[in-house]
Amino acid sequence: MTVIGFVGPGVMGKPMAANLVSAGHEVRIFARSTQGRDRASGTGAVVVDSVRLACTDADVVITMLPDGPAVLGILPEVLDAMREGAVLVDHSTISPSEAESVHQEASRAGIRCLDAPVSGGEAGAVQGNLSIMVGGEEKTLDDVRPVLDAMGTTVIHVGDAGSGQVVKAANQLMVAGHIQMLAEALVFLRAHGTDLRRALDVLAGGLAGSTVIERKKDAMLEGVFTPGFRITLHDKDLGIVGDAVRDRGLSLPATSLMASLVAAVKSRGGADLDHSALYGLALELNGMSER
């Protein structure tokens, strides 16, 4: 059993914490909001009233927060409460440069650190089959692998500090592209009067098949975009990609287009919809309704 402090029981964080409890770990959760604390009460973990109570004497502290400013804002409290030699695992999606800052601050405090963003959406978090891309020292990952294995089935060390966030940025641009192409394929099929569900079944069995089809087809076909991963977060993530692209002087035109399309869904009032709402924009551009 590992003692784990967990900060950030959101849509993804709640099932991740629940899976840690199910694996036999002692988990203490902190959330600033009443909504977050209510959500955390369903995990089986102990819900505490402060960062210090969550992190003191923990072997591992996990942060799962919405963005870089949130992580950097709470970091001093987290590090001040942690014991020397413990491990901080940040599962948030933040920029590579922000992740490097987290590593540096942790090192100064005598804390080992991993940036370990996740992919798989709410369904992957619930099922415990997330993909976890890990940056930092490989020995540190080896020490905490049983903890990460309780939340993910693909846990891979991808490089030094910040590398996990680089791989996550690549993941986010690919996911957005997959969803957009699925949306456009559905518009194309619909314009030709094709049975959409049967068409997706056969496409899913061929080279065009993907996890995106498997997990997003029902929401798209039903026109119900209840968030598993909100557009506003994908917009933030593609902003991270854009900054990194400019930093390296790269030319990635399709990536720029995807960032614009996601931003368009957000600007038309879809910030809190699932990112599958890209289909709604594709329909609107072609004068079609969502049903």
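Residues numbered from 1 in each chain as written. Predicted model: local features only at pLDDT ≥ 70, side-chain atom pairs only at ≥ 80, totals over all residues. Heavy atoms only, no water.

Caption draft 1: Geometry of the packing of helix H11 (residues 231–248) against helix H12 (residues 253–270). Two elements in contact, H11 and H12, have axes whose closest approach is 9 Å; the angle formed by their N-to-C orientations is 150°. When the axes of H11 and H12 are compared, the pair comes out roughly antiparallel. Once H11 is placed against H12, the crossing between them reads as left-handed. Residue-level contacts link Ile-231, Thr-232, His-234, Asp-235, Leu-238 and Val-241 of H11 to Thr-255, Met-258, Ala-259, Val-262, Ala-263, Val-265, Lys-266 and Gly-270 of H12. (Axes fitted to C-alpha atoms, helices over the stretch in contact; angles between N-to-C directions. Helix = DSSP H or I, 4+ residues; strand = E, 2+ residues; numbered from the N terminus. Parallel < 35°, antiparallel > 145°, perpendicular 65-115°, else oblique. Left-handed = near helix turned anticlockwise from the far one by under 90°. Contact = heavy atoms within 4.5 Å.)

Caption draft 2: Examining a nonpolar patch on the surface more closely. A cluster of nonpolar side chains, Ile-156, Val-158 and Val-167, forms an exposed patch at the surface whose accessible area comes to about 210 Å². Note that Val-167 resides in helix H8 (residues 163–191). (Patch = residues over 30% accessible without salt bridge, like charges linked within 9 Å, V, L, I, M, F, W, Y side chains within 5 Å. Areas by Shrake-Rupley, 256 points an atom, 1.4 Å probe, with all protein chains shown as cover. Salt bridge = Lys/Arg side-chain N within 4 Å of Asp/Glu carboxyl O.)

Caption draft 3: Expanded view of the state of the cysteines. Scanning the entire structure with this criterion turns up zero disulfides. With no disulfide of its own, Cys-55 has Cys-113 as its nearest cysteine by sulfur position, at a separation of 13 Å. Assessed through its relative accessible area of 8%, Cys-113 is described here as buried. (Disulfide = S-S within 2.5 Å. Buried < 20%, exposed > 50% of the residue type's maximum accessible area, 1.4 Å probe, protein only.)

Caption draft 4: Spatial organisation of H12. With 18 residues, H12 should cover 26 Å at 1.5 Å per step; its first-to-last C-alpha distance of 24 Å lies within 8% of that length. Considered for burial, the residues of H12 that qualify are Thr-255, Met-258, Leu-261, Val-262, Val-265 and Gly-270. Angular distribution of buried residues about the axis of H12 spans 125°; they occupy a single face of the element. For H12, the exposed residues set more than 90 degrees away from the buried face come down to Pro-253, Leu-257 and Ser-267. Residues of H12 that are buried sit in contact with H8, H11 and helix H13 (278–285). (Expected span 1.5 Å × (residues − 1). Arc of directions from axis to C-beta.)

Caption draft 5: Spatial organisation of the nonpolar core. Leu-182, Leu-186, Met-220, Leu-278 and Tyr-279 are the most contacted members of the largest nonpolar core, which has 30 residues in total. Of all the secondary-structure elements, those providing two or more residues to this core are H8, helix H9 (196–204), helix H10 (211–222), H11, H12 and H13. Here the element with the most residues in this core is H8; it accounts for nine residues. Sequence-distant contacts of Tyr-279, that is, excluding residues within four places in its chain, are made with Ala-183, Leu-186, Val-187, Arg-190, Leu-196, Met-220 and Phe-225. (Core = buried A, V, L, I, M, F, W, Y, C linked by side-chain atoms within 4.5 Å.)

Caption draft 6: Examining the layout of surface pockets more closely. Here the second largest pocket defines a volume of roughly 430 Å³. Around the second largest pocket sit 21 residues that line it, and Pro-96, Val-166, Ala-244, Val-245 and Arg-248 are the ones nearest its centre. Those elements that place two or more of their residues in the lining of the second largest pocket are helix H5 (96–108), H8 and H11. The element contributing the most residues to the lining of the second largest pocket is H11, with seven residues. A per-class count over the lining of the second largest pocket returns twelve nonpolar, five polar and four charged. (1 Å grid on protein atoms, 1.4 Å probe; cavity = no way out; pocket = protein on both sides within 12 Å on 5 of 7 lines; lining within 4 Å. Points joined across faces, edges and corners; volume = space filled by probe spheres on them. Nonpolar A, V, L, I, M, F, W, Y, C, P; charged D, E, K, R; others polar.)

Caption draft 7: Fine view of the environment of Ile-4. Tracing the backbone through its elements, the reader meets Ile-4 in strand S1 (residues 3–7). For Ile-4, a relative accessible area of 0% translates into the label buried. Ile-4 sits 232 residues away from Lys-236 along the chain, and the two C-alpha atoms are 28 Å apart. Apart from residues no more than four positions distant in its own chain, Ile-4 is found in contact with Leu-20, His-25, Glu-26, Val-27, Arg-28, Ala-58, Val-60, Ile-62 and Val-147.

Caption draft 8: Expanded view of unusual backbone geometry. Although it is not a glycine, Asp-57 sits at a positive phi angle of roughly 65°. Inspection of the secondary structure puts Asp-57 in the loop between helix H3 (51–55) and strand S4 (60–63). The class for Asp-57 is exposed, based on a relative accessible area of 56%.

Caption draft 9: Spotlight on the pattern of salt bridges. Using the criterion set out here, one finds 15 salt bridges in the structure. The structure contains a network of salt bridges with shared partners spanning Arg-112, Lys-139 and Asp-143.

Caption draft 10: Seen up close, the side chain of Thr-93. Its place among the elements puts Thr-93 in the loop between strand S5 (87–90) and H5. Its relative accessible area of 12% is what places Thr-93 among the buried residues. Leaving out residues up to four positions away in the same chain, Thr-93 has contacts with Leu-65, Pro-66, Asp-67, Pro-117, Gln-165, Lys-168, Lys-236, Asp-237 and Ile-240.

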